[in-house]
Amino acid sequence: MLRGIYTVAHALEAATRNQEIVSENLAHSVTPGYRRAGHLFEVSGTRGNEGEGESNRTFSHFESGPLQQTNNPLDVALVGNAFFVLEGPSGPVYTRNGGFEIAPDGRLRIRGGEYPVMGQGGPIRLPADAGAIAIGTDGTLSVNGVEVARIQLTTFENPGALQRVGTTLFAGGAPQTPPPGTVRVEQGY
């Protein structure tokens, strides 16, 4: 008798979590850099005890969506399997959201957030008199024709090991430098 109640309770829990994930995916369907989540619920073998043989987990899909041109020089898209590196509160965090802005102190940061965009030598700072900003396909950032930084990019052999720490932010994994020519940065997308 109780086994049936536990089975129904676990099924309801899985259905509720699945509904939450579908709702979140719909709510963020137009958020730049958002990676949709999926839900896996498996029951394997015969359960002798409550919860035995069940797997109930969430995972992220990392396939790229279509690029949308914005013509904003601080909107940057990645073509290829890579992530931008941001300086998070407890270490690096990774995102494919390339919507950037300049903070009052000159740091390049993710739009609407506090996380600075990392360059090869640390957080990227732009000069106070920053005029024309150009970002090359290799991530080189130039202001008024003078190179000031190169956006740090990283890739992961197993992106499924990353943990979601925000709507478009991930942490963990073993970051690697992308092989030359495997990633292209597109400005204005």
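Overview of the structure. Being a predicted model, the structure only gives us computed values, none of them experimental.

Calculation rules
- Residues numbered from 1 in each chain as written.
- Predicted model: local features only at pLDDT ≥ 70, side-chain atom pairs only at ≥ 80, totals over all residues.
- Heavy atoms only, no water.
- Helix = DSSP H or I, 4+ residues; strand = E, 2+ residues; numbered from the N terminus.
- Buried < 20%, exposed > 50% of the residue type's maximum accessible area, 1.4 Å probe, protein only.
- Contact = heavy atoms within 4.5 Å.
- Areas by Shrake-Rupley, 256 points an atom, 1.4 Å probe, with all protein chains shown as cover.
- Core = buried A, V, L, I, M, F, W, Y, C linked by side-chain atoms within 4.5 Å.
- Phe/Tyr/Trp six-rings, centres within 6.5 Å; stacked < 30°, edge-to-face > 60°.

This part takes up the overall build of the protein. What the protein contains, in helices and strands, is one helix and 17 strands. Burial status across the protein gives 37% buried among its 189 residues. Here the analysis covers contacts within the protein between residues at least 6 apart in sequence; of these, 53% occur between residues at least 24 apart. Of the roughly 10,700 Å² of accessible surface on the protein, 52% is carried by carbon and sulfur atoms.

Formed by 24 residues in total, the largest nonpolar core has its most connected members in F100, L108 and I151. Listing elements by their share of this core, those giving two or more residues are β3 (76-79), β4 (83-88), β7 (108-110), β10 (133-135) and β11 (140-143).

If you walk through the whole model with that rule in mind, you get six aromatic pairs. Ring centres 5.5 Å apart and planes at 75° place the aromatic pair F83 and F156 in the edge-to-face group. Of the two residues, F83 is situated in strand β4 and F156 in strand β13 (residues 153-156); the sequence distance between them amounts to 73 residues. Taking the relative accessible area as the measure of exposure, F83 reaches 5% and is therefore buried. Ring plane angle 70° and centroid distance 6.4 Å describe the contact between F83 and F170, whose orientation is recorded as edge-to-face. A residue pair is termed long-range when its members are at least 10 positions apart, and F83 in strand β4 and F170 in strand β15 (residues 170-171) qualify at 87 residues. Residues F83 and F170 agree in their burial class; the two are buried.

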